[in-house]
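Next come the chains, spelled out residue by residue.
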Amino acid sequence: MRDNNDGKDNFAAGDGNLNKNVKQPDDTRQNDTPGGGLKYVNAREAAKGGVLGAFIGLAIIIPGVSGSAVAIILKLYEKLLYALGNLFRQFKSCALFLLPIITGAVVGFALGFFGVKILLDIMLFAVVALFAGLMLGALPSVTDEIHNERHTPIRIALFVAGILVPIALSLISIYCGGESADLSSPAAYDYIIYLLLGFAVAITQLVPGLSATALLMATGHYVPLIESVSIAYWQTTPAVFAVYACLIAGFVAGLLCFAKLMSWLLKRRRAATFHAVTGLAAGSVITMFFNPEMLNEYRRWAAGERFGPDLALGAVLFLVGITIAYLFVRMQRKKTQQNN
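For clarity, every value in this text was computed on a predicted model and none was experimentally measured.

Enquirer: What is the right way to look at helix 4 (residues 91-143) in this model?
Expert: Given 3.6 residues to a turn, an α-helix orients residues that are three or four positions apart in the same direction. With 53 residues, helix 4 ought to run about 78 Å at 1.5 Å a step, yet its terminal C-alpha atoms sit only 32 Å apart, falling short of that. The largest bend in helix 4 comes to about 120 degrees, at methionine 123.

This is the structure we're talking about:
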């Protein structure tokens, strides 16, 4: 990969004094669609979009899973940002690209809530270990983005900061997590909070390494929201639909707005941004084993509950996840080399 960012991501005071008469490369134009267009070339590519959406849906349920990290692994990250940021300018092409992802997200959330959540209740560590293995095994596809870049001090600092951000968020969710929110009778100002919370959750889906689950746990909304998804709760507490509406509105606004910012960063500071993104992706693997849900699991282990079986099964699934994901990465690398 060429380093197109020499002298551009220095963030020094004179950084903006570039020669304006120098013709910029074609791939830095503001309106260029990344990756040669948004159209899926075949059903397999569309299926990858569905898989990405499924992981985005699962990310709300499973601690530490990052939908945007999966987007990078599947080579759809920049296209996803472009489609979200230009939805109203190029509605048809962007909407067709997003359709499999949205469909997959709905399916992923449903499977996560009604299927994976049951497994999480039974064997939390083993399930998380499997997904952590998948994330770790696929990490080389993220590091490929910076493999041939210069690792300047600033870029290394961004990488380290990227690792620390999800860890810091996890620590906040563990030690400073708020009390469980009451969704049954929200005050007028609570609806503004829910809009902002939805906006923040959207950011976690666009920045690799940030966890929506950790954010919701830190604010005391994770358990109340999960428990609110039931017909009995809806019948007794119809006010929760207004909460859902605010969360969804904030989430959509966050996706559309923050996607523009991330696209801009990748155009102007690609190498620096991917150094930070790589750190975030690596940090997210750590936080999958270090969050409030897992801490409660470790406490059960300390009390003598299922320590041996859970650890053994988790270790096996962790290795299986690494193997499957890395084989996929090697297949993607081989395909890229053939295309080049």
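Enquirer: Even after reading the chapter, I still don't get the packing of aromatic side chains, so can you show me in this structure?
Expert: What describes a pair of aromatic rings is the distance from one ring centre to the other and the angle between the planes of the rings. As enumerated under the stated definition, the model contains nine aromatic pairs in all. Ring centres 6.2 Å apart and planes at 80 degrees place the aromatic pair phenylalanine 55 and phenylalanine 131 in the edge-to-face group. Residue phenylalanine 55 is located in helix 1 (residues 43-59), and its partner phenylalanine 131 is located in helix 4; the two are separated by 76 residues in the primary sequence. Across this residue pair, the class does not change: phenylalanine 55 and phenylalanine 131 are buried. Following the ring pairs from residue to residue traces out a cluster consisting of Phe125, Phe289, Tyr298, Trp301, Phe307 and Phe318.

Enquirer: For this particular structure, what's the right way to read a nonpolar patch on the surface?
Expert: Taken together, the side chains of Ile118, Leu119 and Ile122 make up a nonpolar region of the molecular surface, amounting to roughly 270 Å² of accessible area. Secondary-structure assignment places isoleucine 118 in helix 4.

Enquirer: I would appreciate a short explanation of the packing of helix 3 (residues 77-85) against helix 10 (residues 240-268) in the present structure.
Expert: Packed helices, taken two at a time, are described by their axes: the angle between them and the distance between them. Direction vectors running N to C along helix 3 and helix 10 enclose 130 degrees, while the axes themselves pass 8 Å from each other. Here helix 10 runs oblique to helix 3, going by the angle between their axes. Judged by the twist between their axes, the crossing of helix 3 over helix 10 is left-handed. The segment helix 3 lies against helix 10, with Tyr77, Glu78, Leu81, Tyr82, Leu84 and Gly85 engaging Leu255, Leu256, Ala259, Lys260, Met262, Ser263 and Leu266. Across the contact of helix 3 with helix 10, the residue classes tally to nine nonpolar, two polar and two charged.

Cut-offs used in this document
Residues numbered from 1 in each chain as written. Predicted model: local features only at pLDDT ≥ 70, side-chain atom pairs only at ≥ 80, totals over all residues. Heavy atoms only, no water. Helix = DSSP H or I, 4+ residues; strand = E, 2+ residues; numbered from the N terminus. Expected span 1.5 Å × (residues − 1). Bend = angle between axes of the 7 residues up to and from the residue. Phe/Tyr/Trp six-rings, centres within 6.5 Å; stacked < 30°, edge-to-face > 60°. Buried < 20%, exposed > 50% of the residue type's maximum accessible area, 1.4 Å probe, protein only. Patch = residues over 30% accessible without salt bridge, like charges linked within 9 Å, V, L, I, M, F, W, Y side chains within 5 Å. Areas by Shrake-Rupley, 256 points an atom, 1.4 Å probe, with all protein chains shown as cover. Salt bridge = Lys/Arg side-chain N within 4 Å of Asp/Glu carboxyl O. Axes fitted to C-alpha atoms, helices over the stretch in contact; angles between N-to-C directions. Parallel < 35°, antiparallel > 145°, perpendicular 65-115°, else oblique. Left-handed = near helix turned anticlockwise from the far one by under 90°. Contact = heavy atoms within 4.5 Å. Nonpolar A, V, L, I, M, F, W, Y, C, P; charged D, E, K, R; others polar.

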